Each structure stands twice: as C-alpha cells, then as structure tokens.
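An overview of the molecular structure
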Amino acid sequence: MISVFLLFLVARVSARYTADWTSLDARPLPSWFDEAKVGIFVHWGVFSVPGFGSEWFWWHWQGQQPPDPKCVAYMAENYPPGFSYPEFVNGFHAQFFNPEEWADIFKASGAKYVVLTAKHHEGFTNWESPNSWNWNSVDAGPKRDLVGDLGEAVRNRSLHYGLYNSLYEWFHPLYLDDKKNGFKTQEFVKLKLLPELYNMVVRYRPEVIWSDGDWEAPDTYWNSTEFLAWLYNDSPVKDTVVTNDRWGAGCACKHGGYYNCEDKYTPGQLPSHKWEKCTSVDTLSWGYRRNMRLQELMDLPAIIKDLVSTVALGGNYLLNVGPTADGTIPTVFEERLRGVGAWLEINGEAIFASKPWRVQMENATVPVWYTSKGDTIYAVMTAKPPGTILQLQTPKTSASTKVILLGSQSPLPWSPLYPNGGLTVLLPELPRLPGHVWTLKLESVH
Ligand SMILES: *[C@@H]1O[C@H](CO)[C@@H](O)[C@H](O)[C@H]1NC(C)=O
Ligand SMILES: *[C@@H]1O[C@H](CO)[C@@H](O)[C@H](O)[C@H]1NC(C)=O
Ligand SMILES: *[C@@H]1O[C@H](CO)[C@@H](O)[C@H](O)[C@H]1NC(C)=O
C-alpha cells in the first residue's frame, strides 16, 4: 500500500507536460487563482498618448480598410501632416507614475491580482525588451521599466502580478511577411515573439500570462503548445502561473488554462471550466480616452452586481482601468476601485475563496445571487427589498440555521417557508452600503 502511494507520488512529481492540448489542458489550475476572484486589469501604452477612440487607435487610423473617419479627422485637425504613430511615444512621459500609489489603489480595491499590458497589439513593450529595439519604455518615452517597477510595488502588497502579452503585432514587418505567406513561415515567432516572451517570463516571473492577439493564426504558428509546455515544466513560475485561452484561432473557450472566451463574456449558466470575465470601467475602451464622459462609465452598483454574478457563476472578475500617458490613474477610476474595496471590506467573505452553490441565482423578493462555503451560503441581494421581508425559495434550512446580515452581528429572525425548504427572513433596516448591494449569510443550510 505504502509503495503504491510512493509510486503515485513519484509519478506526480516527475510528470511532465507534453506540447499538445490533451496534456496541457489536463494541468490543474493553481489554486490561488480561483480563490482570488477579483483582479485589476491595466491597459497602458503608447495608445494612451492619443487617448482617442480606444487602444486600437493605430489600427483604426491606419490599419483597417477603410480607416475610421473619426480617427483620420482627429489626426488631420490636431497633428501636423505626416505625423506617424510611433512619434506619439514622445508624449508618453509617465512623469507622475508612482507605482506605490497605484499599488495602494489596487490593494484598496480588494483585488488580489493585477494584470498590466506588457505589450499590446502596437508592439511597444513597457519593459526593456531586447527584441523591441527603440520601441520600448526604457529606450523611448518614459525611459523607465514600467513592468518591473509596478511589479515590485504590487508584490510588496501581497498581490499577484500578471502580464498581458499580445501575440500578434499589427504592423511588425516580420509578422506581415508571415501573414502574407499564409502563416507557413514563422520568422516573427522565431525572431521576435518567442525570445521576447521567454525573456519576459524569466525576468518578471508573472503569475498570470494573459495572452491575446492570437486569432489570425493557428496555435501551431505561434508555437503555443511548445511555449506552454516549457512554462508548466521548466519556467521559474511553473507551479504558480495561470494562463488564459487565447493561444491561437479556435482556442478560446476550449484550450489553455482558465477561459476568457471573449471580452466581457457572460455565461447564461454555470460553466464547467474555470473562467474569468474581463471588463472595463470605461464601457467604450480599455485604454485611456481623453474625451470619456461620465455616462459612458460603469457606476459602482453596476460594477458590484457584475462582480457578484460573475463569482456566483464560478468566474473571476478582472476589472480594467486605463491610466493616462502622464502616469496617473484618473480619479474617477480610483473612486470606483475604492468603492469596490469598501464593498468587499464588508461583503468579501461571500466572494473570496467561495464556491458556486447548487443554485446560482433566484428571483426572490429581489434578485439574489448565491455563493457558498461548505454548508454556509451567501445570498447577495442586488436591490433593496421593498419591505422588511425577504423570501428565498431555494435554501433548505434546519433547526440550527442561522441568518445574519454581513456587516452586523445580530442573528435575524426567520421562519421556514415550506415544510421542505425556503425561508422568510425579517430584515433589519439596511445600512447604507457602497453599491446598494447587501449580503445575507445563512449557516447550516443546504
Ligand atoms: C514591502 O516592503 C517593505 C519595505 O521595503 C518590506 O519591509 C516588506 O517586507 C515588503 N513586503 C512584501 C510582502 O514584500
Ligand atoms: C516551434 O515548434 C516546432 C515543433 O515542435 C519546433 O520544431 C520549432 O523549433 C519551434 N520553434 C521555435 C521558434 O521555438
Ligand atoms: C430572473 O429574472 C430575470 C429577468 O427577468 C431573468 O432574465 C432570469 O432568467 C431570471 N432568473 C431565474 C433563475 O429565474
């Protein structure tokens, strides 16, 4: 018996992943990720300088055919003729960038991880990539290792640090050549993408690799499975790193680590695979927009309801903010993040390290989302019930069931609704909570 157990252990320890999806997809997701539930996404790059339209500005202006007339007009009206996109780097000063302040804000949001764009589709790296000569934040623009500096401050607050990396680069000549060759050649992957990606992992040890920009070519072009096998077997983060599902055309929602499926994906029912919803406070852009308007932003109740339903459906919630080229986080974003943190301060018990319950939501007196921890469940009310009574149909109570409102200590009076389930809770006067979302904790129910 003991020797069988030892053999099993040895097999576990020495198991190596092979460069195919069957093997890679079978890797258990490191447990920190599901427990973390909430992360902050940061889109920052040269696109933050024009700050117009979105982080896709370059493509909308000069890539797509026909170009977006708004971007063309914006350039014609505000910049000299012949101004090229790379010249925007001279406006990327990051002179107010204080990584400690940023990390304080992220910490105050209650989030457990932070994901920064190390390189977006424009190809500019926010670190001194040896493969991105003169198109990185140390040679040009801020003259600073943005990825490294933020990473230090974030980790110092015991937050996990992840990096977003775009596989494709809209205008890289080697990429355009490979594309012209129907992706039968891999010069871009061999000479640019992979050396850079390996270097980034070894240098910064990210615990999330948030891959993107994969959809034009198959995973075999990107050598995704070879990279992931190295990442999981031999990289310095092999035990803790998590990855998403953007590793080649057709991979989304199917292969990789956890699933994003698509931006702002919202499943209708509980998915069978760990997933993450990424979304943005600015509903129109991930990168900073100089002309954003208040009514285009998610307000705090909308963010909290989105977060709660995502977690109830087994997802993580990755909430994006776009800093300015000056290196500031717009105060309206900071206010939202601190609001989320104030809500989590009281209600975080229902979120962090929770599991989906057997029922995810119920249209009770008001819509209620459920999460659970063993035989304790949390019923999150996404609106204020009209009276002092909340009726829940699905929990099955017992004689020892106890109900409290998170943020207060006293048990609430309740009575069974039917002989075999449901309950009526007598609510106290609900305190003012950021987001207008309240949580009932129900102990000893199933
Ligand atoms: C954060 O930095 C402080 C001051 O340098 C240090 O004492 C502390 O151990 C660090 N904490 C972590 C979690 O790295
Ligand atoms: C990509 O994978 C193929 C097949 O395993 C391998 O022969 C090739 O060397 C890899 N290319 C790079 C750049 O790693
Ligand atoms: C609750 O009501 C909403 C809005 O009418 C509906 O979309 C949803 O499917 C309902 N959910 C359940 C579990 O009945």
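Below or above, wherever it landed, is the structure these notes cover. Since the structure is predicted, the reported quantities are computational estimates derived from the model, not experimental observations.

Observations regarding the overall build of the protein chain
Summing up its helical and strand segments, the protein chain has 13 helices and 15 strands in all. For 446 residues, the compact-globule estimate of 2.2 N^0.38 gives 22 Å, and the protein chain sits close to it at 24 Å. Put simply, the protein chain has 446 residues, and 44% of those count as buried. Considering only intrachain contacts with a sequence separation of at least 6, the fraction spanning at least 24 residues in the protein chain is 69%.

Observations regarding the site of ligand 2
Ligand 2 sits among Val-189, Lys-190, Leu-194, Asn-223 and Glu-226. The biggest single contributor to the shell around ligand 2 is helix 9 (residues 187-204), with three residues. In terms of residue class, the shell around ligand 2 is built from two nonpolar, one polar and two charged.

Some details on the sheet that holds strand 15 (residues 438-443)
Spatially, five strands are ordered 8-9-10-15-12 in an open sheet, and the strand pairing comes out antiparallel. The sheet is open, and its two edges are formed by strand 8 (355-363) and strand 12 (402-405), each paired on a single side. Neighbour to neighbour, the strand axes of the sheet diverge by 20° on average, direction disregarded. Relative to strand 15, strand 12 runs antiparallel, the two being bridged by four bridges. Paired with Lys-402 across the two strands is Glu-443, which belongs to strand 15. Helix 12 (residues 300-312) contacts strand 8, strand 9 (367-373) and strand 10 (376-381) of the sheet and is inclined by roughly 50° relative to strand 9.

Focus on the sheet that holds strand 14 (residues 421-426)
Ordered in space as 11-14-13, the three strands form an open sheet in which the pairing is antiparallel. One side of each edge strand has no neighbouring strand; the edge strands of this open sheet are strand 11 (389-392) and strand 13 (414-418). The sheet shows a mean angle of 25° between the axes of neighbouring strands, taken without regard to direction. With four bridges connecting them, strand 13 and strand 14 associate as antiparallel partners.

Basis of the calculations
- Residues numbered from 1 in each chain as written.
- Chains lettered and ligands numbered in written order.
- Predicted model: local features only at pLDDT ≥ 70, side-chain atom pairs only at ≥ 80, totals over all residues.
- Helix = DSSP H or I, 4+ residues; strand = E, 2+ residues; numbered from the N terminus.
- Rg over C-alpha atoms; globule rule 2.2 N^0.38 Å.
- Buried ≥ 20, exposed ≤ 12 C-beta atoms within 10 Å, placed from the backbone.
- Contact = placed C-beta atoms within 7 Å.
- Near = placed C-beta within 6 Å.
- Nonpolar A, V, L, I, M, F, W, Y, C, P; charged D, E, K, R; others polar.
- Pairing = 2+ DSSP bridges.
- Axes fitted to C-alpha atoms, helices over the stretch in contact; angles between N-to-C directions.

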